[in-house]
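Now for the letters of each chain:
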Amino acid sequence: MSWSSFVDKLKYKAKQQGKHLVKIDPWFASSKTCHCCDHKVDKIPLNLPPWKCPKCFIIHDRDINAAINVKQQGIIKLKAEGLSVSANRGLRKTSHELIAV
Ligand SMILES: [Zn+2]
């Protein structure tokens, strides 16, 4: 399957479920940008997945940091198109927690 037909299928499935497919700039440095402070490092060694941001000192898992950055970029693009984006998929945590007795 080509990339474009894969993206077409994703668009179809997203539309079917009332969701939006957002394309992120392929040159966006999702792995090398700290999702907490937006500091961008020049290089991350591939054999050392966790890295420490030199600005805010938080330790990142490379893949999780990249996923958070991609999600944030998607939210920014959707908001730029005038769409509202709800946090936590529109689900809100209840203020009353159930306690098993
Ligand atoms: Zn940082």
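Residues numbered from 1 in each chain as written. Predicted model: local features only at pLDDT ≥ 70, side-chain atom pairs only at ≥ 80, totals over all residues.

(A) Highlighting the overall build of the protein chain. Assigned secondary structure in the protein chain consists of two helices and two strands. Taken from the N to the C terminus, the helices and strands of the protein chain come in the order α-β-β-α. Here the protein chain, with 101 residues, has 5% of them falling under the buried criterion. Restricting the contact set of the protein chain to residue pairs at least 6 apart, pairs at least 24 apart contribute 37%. (Helix = DSSP H or I, 4+ residues; strand = E, 2+ residues; numbered from the N terminus. Buried ≥ 20, exposed ≤ 12 C-beta atoms within 10 Å, placed from the backbone. Contact = placed C-beta atoms within 7 Å.)

(B) Representation of the environment of Ile-68 in the model. Along the polypeptide, Ile-68 turns up in helix H2 (residues 62–80). We classify Ile-68 as partly exposed; it has 17 C-beta atoms within 10 Å. Along the sequence, Ile-68 and His-35 sit 33 residues apart, while their C-alpha atoms lie 6.7 Å from each other.

(C) Fine view of H2. Helix length check: H2 (19 residues) gives 27 Å between terminal C-alpha atoms against 27 Å at 1.5 Å per residue, within 8%. At the exit of H2 stands Gly-82, carrying a positive phi of roughly 85°. (Expected span 1.5 Å × (residues − 1).)

(D) The arrangement of the confidence of the model for the protein chain in detail. Across the protein chain, the average pLDDT comes to 85, with 85% of residues at 70 or higher. Contacts for the low-pLDDT stretch residues 94–98, under 50 throughout, to residues beyond four places or in other chains number zero contacts. (pLDDT = per-residue confidence, 0-100.)

(E) Main features of unusual backbone geometry. Although it is not a glycine, Asp-38 adopts a positive phi angle of roughly 65°. Classification of Asp-38 as exposed rests on a count of 12 C-beta atoms within 10 Å. The backbone of Phe-57 sits at a positive phi, close to 65°, despite the residue not being glycine. Among the secondary structure elements, Phe-57 is positioned in the loop between strand E1 (50–52) and strand E2 (59–61). According to the C-beta neighbour criterion, Phe-57 is exposed, with 10 such atoms within 10 Å.

(F) Molecular detail of helix H1 (residues 3–16). With 14 residues, H1 should cover 20 Å at 1.5 Å per step; its first-to-last C-alpha distance of 20 Å lies within 8% of that length. Within H1, only zero of the 14 residues are buried, leaving the element largely exposed. Directly beyond the C-terminal end of H1, a positive phi value near 70° is found at Gly-18.

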